[in-house]
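So the chains spell out like this:
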Amino acid sequence: MKWVKKLFGIQDPIDKKRKKHAKLLEEAFNAQRKGDLRKAGLLTEKAKLIEKEILEIIENTNYESR
């Protein structure tokens, strides 16, 4: 079933949040490299909030890690 979801690009909410989390961390890293520490801090905080959401979803459901 995983291959069908992958074929059509269907993701569950946790996968979407993980992708967004990774993107925010990458943007924060790039902002820090450019010297924009304020933006890097804001992006890191957003990433932390998404990480908390992911953990809450995992704790509140019977989600199995793949």
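Look above for the structure.
Residues numbered from 1 in each chain as written. Predicted model: local features only at pLDDT ≥ 70, side-chain atom pairs only at ≥ 80, totals over all residues. Heavy atoms only, no water.

K.L.:
Would you explain the overall build of the chain in this entry?
P.N.:
Scanning the chain from N- to C-terminus turns up 3 helices and 0 strands. Counting from the amino terminus, the chain carries its helices and strands in the arrangement α-α-α. Taken against the 2.2 N^0.38 rule, which gives 11 Å for 66 residues, the C-alpha radius of gyration of the chain at 15 Å runs more than 25% over that of a compact globule. Its C-alpha atoms give the chain principal-axis dimensions of roughly 45 × 30 × 15 Å. Out of the 66 residues belonging to the chain, those deemed buried represent 18%. By element, 55% of the accessible surface of the chain is carried by carbon and sulfur atoms, the whole surface being about 5,800 Å². (Helix = DSSP H or I, 4+ residues; strand = E, 2+ residues; numbered from the N terminus. Rg over C-alpha atoms; globule rule 2.2 N^0.38 Å. Buried < 20%, exposed > 50% of the residue type's maximum accessible area, 1.4 Å probe, protein only. Areas by Shrake-Rupley, 256 points an atom, 1.4 Å probe, with all protein chains shown as cover.)

K.L.:
Explain a nonpolar patch on the surface here, please?
P.N.:
On the surface, a nonpolar cluster with roughly 540 Å² of combined accessible area is contributed by Trp3, Leu7, Phe8 and Ile10. Looking at Phe8, the relative accessible area reads 61%, which means it is exposed. (Patch = residues over 30% accessible without salt bridge, like charges linked within 9 Å, V, L, I, M, F, W, Y side chains within 5 Å. Salt bridge = Lys/Arg side-chain N within 4 Å of Asp/Glu carboxyl O.)

K.L.:
Would you take a moment to explain the nonpolar core for this structure?
P.N.:
Burial of nonpolar side chains together is a common tendency in soluble globular proteins. In terms of nonpolar packing, the biggest core is built from 7 residues, these being Ile14, Leu24, Ala28, Leu43, Ala47, Ile50 and Ile54. Excluding anything up to four places from it in sequence, Leu24 contacts Leu43, Lys46, Ala47 and Ile50. (Core = buried A, V, L, I, M, F, W, Y, C linked by side-chain atoms within 4.5 Å. Contact = heavy atoms within 4.5 Å.)

K.L.:
I would appreciate a short explanation of the side chain of His21 in the present structure.
P.N.:
Topologically, His21 is positioned in helix α2 (residues 13–33). Overall, His21 belongs to the buried group, its relative accessible area being 17%.

K.L.:
Teacher, can you tell me more about α2 here?
P.N.:
Here α2 is 21 residues long and its end C-alpha atoms lie 30 Å apart, about the 30 Å a rise of 1.5 Å per residue gives. Taken residue by residue, α2 has Ile14, His21, Leu24, Ala28 and Ala31 as its buried positions. The arc that holds every buried residue of α2, seen down its axis, measures 110 degrees, which confines them to one face. Exposed positions of α2 whose direction lies more than 90 degrees from the buried face are Lys19, Lys23, Glu26 and Arg33. The inward-facing, buried residues of α2 abut α3 (37–60). Directly after α2, the chain includes Gly35, whose backbone phi takes a positive value near 95 degrees. (Expected span 1.5 Å × (residues − 1). Arc of directions from axis to C-beta.)

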